[in-house]
Amino acid sequence: MFPTSTEIKLGQLRLCFRDQVRDFLDRLKTAGIRYIIGEALRSEQREWELWVSGRQCGDESRKGDPFAWVVVNKKGVKTNVPPGSGKGPHPFGLAIDIYPADENGQIMRDDHPLFISTMKKMHTLAEACGIDALGSNNKAHKACDQYASWDPSHYQFCGWFLLVEKERQIRQAAASQA
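Residues numbered from 1 in each chain as written. Predicted model: local features only at pLDDT ≥ 70, side-chain atom pairs only at ≥ 80, totals over all residues. Heavy atoms only, no water.

(A) Fine view of helix α2 (residues 15-30). Taking 1.5 Å of rise per residue, 16 residues should cover 22 Å, and α2 covers 23 Å from first to last C-alpha, within 8% of that figure. Turning to α2, its buried residues number three or more, namely Phe17, Arg18, Gln20, Val21, Phe24, Leu25 and Leu28. For α2, the arc enclosing every buried residue in end-on projection is 165°, short of the 170-degree limit, so these residues lie on one face. The outward face of α2, more than 90 degrees from its buried face, is lined by the exposed residues Leu15, Lys29 and Thr30. In this structure, the buried side of α2 is in contact with α1 (5-11), β1 (35-37), β2 (95-100), α5 (115-128), β3 (131-133) and β4 (154-157). Following α2 by one or two positions, Gly32 adopts a phi angle in the positive range, close to 75°. (Helix = DSSP H or I, 4+ residues; strand = E, 2+ residues; numbered from the N terminus. Expected span 1.5 Å × (residues − 1). Buried < 20%, exposed > 50% of the residue type's maximum accessible area, 1.4 Å probe, protein only. Arc of directions from axis to C-beta. Contact = heavy atoms within 4.5 Å.)

(B) View of helix α7 (residues 160-177). Here α7 contains 18 residues, and its C-alpha end-to-end distance of 26 Å stays within 8% of the 26 Å for a straight helix at 1.5 Å per residue. Buried residues of α7: Trp160, Phe161 and Val164, and no others. On an axial view of α7, the arc spanned by its buried residues comes to 95°, and they lie on one face. What points out from α7, more than 90 degrees from its buried face, is the exposed set Leu162, Ile170, Ser176 and Gln177.

Structure, rendered in structure tokens:
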């Protein structure tokens, strides 16, 4: 049997975060919330492409890419760290994009009447699993991520930056002793 798209994307995540995401997806199913998994692990090049598209393109120019639509049409998105700087969680397997799905199984647009209530439920369930939900009103994510931005479909490992920084320090120490 071939793995599903969801299994492939979950397999891209680090184990410490993968277990949290599996728990989150189980809770979404139990709550009857449909979802679509966008991207998990992605290259710094892809991060840059999305970052640029969200700032330079209009809705019409990206119509064929449903995942880019979400990036393009967010209002008030601010990011303190441009992708490609090496300081985002996706290239480290510590973030995943999960979108609410509408009754037709399509990504729920932000003008859908249930968008806000669905996102609030999703964020509450994510946080119950120890996942940092960037679209939530919970101030705790600021403590988890010094590079926090508002991105309602982005979920990341709480403390990802500290983990990555510690790994970098360990690699540097090992290299200096070699």
